[in-house]
Amino acid sequence: QVTVRDALNQALDEELERDERVFLLGEEVAQYDGAYKISRGLWKKYGDKRVIDTPIMGFTGIAVGAAMAGLRPVCEFMTFNFSMQAIDQVINSAAKTCYMSAGAIAVPIVFRGPNGASAGVAAQHSQCFAAWYGHCPGLKVVSPWSSEDAKGLLKASIRDDNPVVMLENELLYGVPFEMSEQAQSKDFIVPIGKAKIERQGTHVTLVSHSRPVGHCLEAAAVLAKEGVECEVINLRTIRPMDIETVEASVVKTNHLVTVEGGWPQFGVGAEICARIMEGSAFNYLDAPAVRVTGADVPMPYAKILEDNCIPQVKDIIFAVKKTLNI
Amino acid sequence: ASRVMVASRNYADFANEATFEIKKCDLHRLEEGPSTTAVMTREEGLHYYKTMQTIRRMELKSDQLYKQKIIRGFCHLYDGQEACCVGLEVAIKPTDHVITAYRAHGFTYARGVPVREILAELTGRKGGCVKGKGGSMHMYTKNFYGGNGIVGAQVPLGAGIALACKYFGKNEVCLTLYGDGAANQGQIFETYNMAALWKLPCIFICENNRYGMGTSVERAAASTDYYKRGDFIPGLRVDGMDVLCVREAAKFAAEY
């Protein structure tokens, strides 16, 4: 059993060892061992050149410039909320440059850090950026759930020559998951752009990413007792989205529920619904798709309010029953 | 019958090089500045002149094309500033790196992209240096990172390129250019901080043409001594209209 934190740590360690050009920078990543201890031990092992503590502002542009000049930076945002300060560099300098230069300049950078709601950190520290970054051509966007996802996707992202945004989740860092022998090998990669079916089912398709995948599995366990078998899909990648896996599942189950932590308007669920409508799977839907999302408010502080602002197991069960009309 | 033209410019055949007095640079946090005399050979002189003239002609032509709407969008011209890009280019090596903002046609040429490819890019043709996908503000070539549209954003990028130079240990520098308007941008000061902290081989160059769009420097900047704005970073005030002055200052900075 390996926690997501340790899985990420292993991935960073292995990739730093594998390629001289990979280096990690961000606030507190070196001497503090990482704001969330993801980079624990790495500065001691690799030193100042490979693990760099930065001042609070300005390092994103530097990381992008270093990537343009041939290095492979892993740029940590303490949370993605702070990435808004630097989002011009992520989008205009990183995402668009390969296209603008007709392929002459690659930007092999990974932006990673916690995304979305945490626990009691209130509105300015709880936003989900999956839809924001997922919107932009030129970026790849991944969102791991399990330790296997975390390790495999981080390694794949570092090895990818494109800018990749990796949206982690702070509440998952301490959660242990089973990791297969294969997943513990140094060359284990989870391919970007491929979703995973976490649980087979026949009555309804639940599509989710990041922490809500766990909630979907819990909901599925409860619903199974009532005879409803849910197929749970873990998207793993937001962009490019593996809509084919979702379509194949909808063709089988005829019902679709999307689950995400972000706000509803223009969100990941909205995109999934639009694409299902545009494709062949639409003809197999027996009911309109239902989205379960974060509440359309800035995140409140009080626990009871916060709990009701993110998708809970009961919300998923309610949505399934609504779409199945039971 | 073929005609033979005899060019009689005998004064030019006598001297192979000459020494010029150039303006002294104002200094910030430096004991000594670049030399006040510059030596230029005949070849160098002709090369500088030809390059600057080519840029001038290219920019004036681009102006015409823009007014005819054959060039679309934005077209930021470099005529009048040629001595800067040429002086800088001849002071550094092709293996050094350059990044600038959107007034980039002069640098694109100086860094080796032929005029034909620049004009093709400006007019949106696939023969353009980036196949028509970048346009006026986004031209790139080896060791030239554009051509950047967002004011000031290229400055942290330049420091990042300098970080890579230091990382790879190849003794290269990065020239990071920006304008007087951009000089008031916050991210530039963030970059000064990190470049000084990590001792990055980055030369910050402010091309002061006295106006940020329509706003004169007096109306935009509390301090128009741009060479001092780096605070803890040493600075030079250079006469950008004198190609030799620019060359000597750049050589001095690169050595530093």
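Residues numbered from 1 in each chain as written. Chains lettered and ligands numbered in written order. Predicted model: local features only at pLDDT ≥ 70, side-chain atom pairs only at ≥ 80, totals over all residues. Heavy atoms only, no water.

The heading Cofactor (unreviewed entry) in the UniProt record of chain B holds the text "thiamine diphosphate". Regarding chain B, the UniProt comment filed under Function (unreviewed entry) reads as follows: "The pyruvate dehydrogenase complex catalyzes the overall conversion of pyruvate to acetyl-CoA and CO(2), and thereby links the glycolytic pathway to the tricarboxylic cycle." (UniProt positions renumbered as here; feature names shortened; annotations may be inferred.)

Chain A is annotated in an unreviewed UniProt entry as Pyruvate dehydrogenase E1 component subunit beta of Balearica regulorum gibbericeps. The Catalytic activity (unreviewed entry) comment attached to chain A in UniProt states, word for word, "N(6)-[(R)-lipoyl]-L-lysyl-[protein] + pyruvate + H(+) = N(6)-[(R)-S(8)-acetyldihydrolipoyl]-L-lysyl-[protein] + CO2". UniProt, in the comment section headed Subcellular location (unreviewed entry), describes chain A in these words: "Mitochondrion".

Caption draft 1: Structural detail: the domain arrangement of chain A. Residues and elements named next belong to chain A. Domain parsing of chain A yields domain 1 (2-184) and domain 2 (196-324). Between the C-alpha centres of domain 1 and domain 2 the distance comes to 26 Å. For the pair domain 1 and domain 2, the summed buried area comes to about 2000 Å², and 59% of that belongs to carbon and sulfur atoms. Along the contact surface separating domain 1 from domain 2 lie three salt bridges. Across the pair E148 and R236 runs a salt bridge, and its minimum N-O distance is 3.4 Å. If you list the elements that add at least two residues to the side of domain 1 that touches domain 2, you get α7 (130-134), β6 (140-142) and α8 (147-159). Looking at the side of domain 1 that touches domain 2, its residues break down into 18 nonpolar, nine polar and three charged. (Domains from an automatic or database assignment. Buried area = accessible area lost by both parts, 1.4 Å probe. Salt bridge = Lys/Arg side-chain N within 4 Å of Asp/Glu carboxyl O. Helix = DSSP H or I, 4+ residues; strand = E, 2+ residues; numbered from the N terminus. Nonpolar A, V, L, I, M, F, W, Y, C, P; charged D, E, K, R; others polar.)

Caption draft 2: Looking closely at the pairing of strand β5 (residues 110-114) of chain A. Residue and element names in this part refer to chain A. Within β5, five of the five residues are buried, which leaves the element mostly enclosed by the surrounding structure. For strand β4 (residues 72-76) and β5, the ladder comprises three bridges, and the chain directions are parallel. Considered in β5, the bridge of V74 is made with V110. One ladder, built from five bridges, connects β5 with strand β7 (residues 164-168); its direction is parallel. (Buried < 20%, exposed > 50% of the residue type's maximum accessible area, 1.4 Å probe, protein only. Pairing = 2+ DSSP bridges.)

Caption draft 3: View of the side chain of A:K155. Residues and elements named next belong to chain A. Position of K155 among the secondary structure elements: in helix α8. Given the relative accessible area of 0%, K155 is considered buried. Within the structure, the side chain of K155 is placed 2.7 Å from the backbone oxygen of K186, a separation counted as a polar contact. (Polar contact = N/O pair within 3.5 Å; in protein donor to acceptor, adjacent residues only side chain to side chain.)

Caption draft 4: Summary view of the nonpolar core. Ranked by size, the top nonpolar core spans 77 residues in total, and within it A:Y133, A:V246 and A:I272 carry the most contacts. Broken down by element, this core gets its largest block of residues, eight residues, from helix α6 (residues 154-168) of chain B. Taken domain by domain, the makeup of this core includes at least three residues from each of domain 1 (2-184) and domain 2 (196-324) of chain A. Beyond its immediate stretch of four places on either side in the chain, A:V246 contacts A:V207, A:I233, A:L235, A:L256, A:I272 and A:I276. Formed by 54 residues, the second largest nonpolar core is a distinct cluster that contains A:A30, A:V51, A:V110 and A:A219. (Core = buried A, V, L, I, M, F, W, Y, C linked by side-chain atoms within 4.5 Å. Contact = heavy atoms within 4.5 Å.)

Caption draft 5: Spotlight on the packing of helix α2 (residues 42-67) of chain B against helix α9 (residues 243-255) of chain B. Residue and element names in this part refer to chain B. One way to put it is that α2 packs onto α9 with a least axis distance of 12 Å and a crossing angle of 110°. The orientation of α2 relative to α9 falls into the category roughly perpendicular. Facing α2, whose interface residues are E44, Y48 and M52, α9 presents V243, L244 and R247. Of the residues contributing to the contact of α2 with α9, the split by class is four nonpolar, no polar and two charged. (Axes fitted to C-alpha atoms, helices over the stretch in contact; angles between N-to-C directions. Parallel < 35°, antiparallel > 145°, perpendicular 65-115°, else oblique.)

Caption draft 6: Structural context of the interface of chain A and chain B. Taken together, the 32 residues of chain A in the interface contact 26 residues of chain B. Carbon and sulfur atoms supply 74% of the area buried between chain A and chain B, which totals about 2500 Å² over both sides. Of all residues in chain A, the largest losses of buried area upon contact with chain B belong to A:I62, A:L71 and A:M100, amounting jointly to 25% of the total for that side. Run the count over chain A and chain B and you get seven residue pairs in polar contact (both at pLDDT 80 or more). Elements represented by at least two residues in the side of chain A that touches chain B include exactly β2 (22-26), β3 (51-53), α3 (59-68), α5 (87-95) and α6 (97-100) of chain A. Per element, the largest residue contribution to the side of chain A that touches chain B is seven residues, and it comes from α3(A). Residues belonging to the side of chain A that touches chain B are distributed by class as follows: 16 nonpolar, ten polar and six charged.

Caption draft 7: Region of the structure containing the side chain of A:E260. Residues and elements named next belong to chain A. Within the element layout of this structure, E260 appears in the loop between β13 (256-259) and α11 (268-278). R291 provides the closest opposite charge to the buried, salt-bridge-free E260, at an N-O distance of 5.9 Å. A polar contact is formed between the side chain of E260 and the backbone nitrogen of G269, at a distance of 2.7 Å. What E260 contacts, discounting residues up to four positions off in sequence, is H209, P212, G267, V268, G269, V292, T293, G294 and P311. (Lys, Arg positive; Asp, Glu negative; His and termini not counted.)

Caption draft 8: View of the packing of aromatic side chains. For the structure on display, the rule yields 13 aromatic pairs over all chains. Judged by centre distance (5.2 Å) and plane angle (80°), the rings of A:F129 and A:W132 are edge-to-face. A:F129 sits in the buried class, given a relative accessible area of 0%. Ring plane angle 85° and centroid distance 5.1 Å describe the contact between B:Y192 and B:F204, whose orientation is recorded as edge-to-face. Of the two residues, B:Y192 is situated in helix α7 (residues 186-197) and B:F204 in strand β6 (residues 202-207); the sequence distance between them amounts to twelve residues. There is no split in this pair, since B:Y192 and B:F204 are both buried. Taken together, the ring pairs connect A:F59, A:F77, A:F80, A:F111, A:F129, A:W132 and A:Y133 into an aromatic cluster. (Phe/Tyr/Trp six-rings, centres within 6.5 Å; stacked < 30°, edge-to-face > 60°.)

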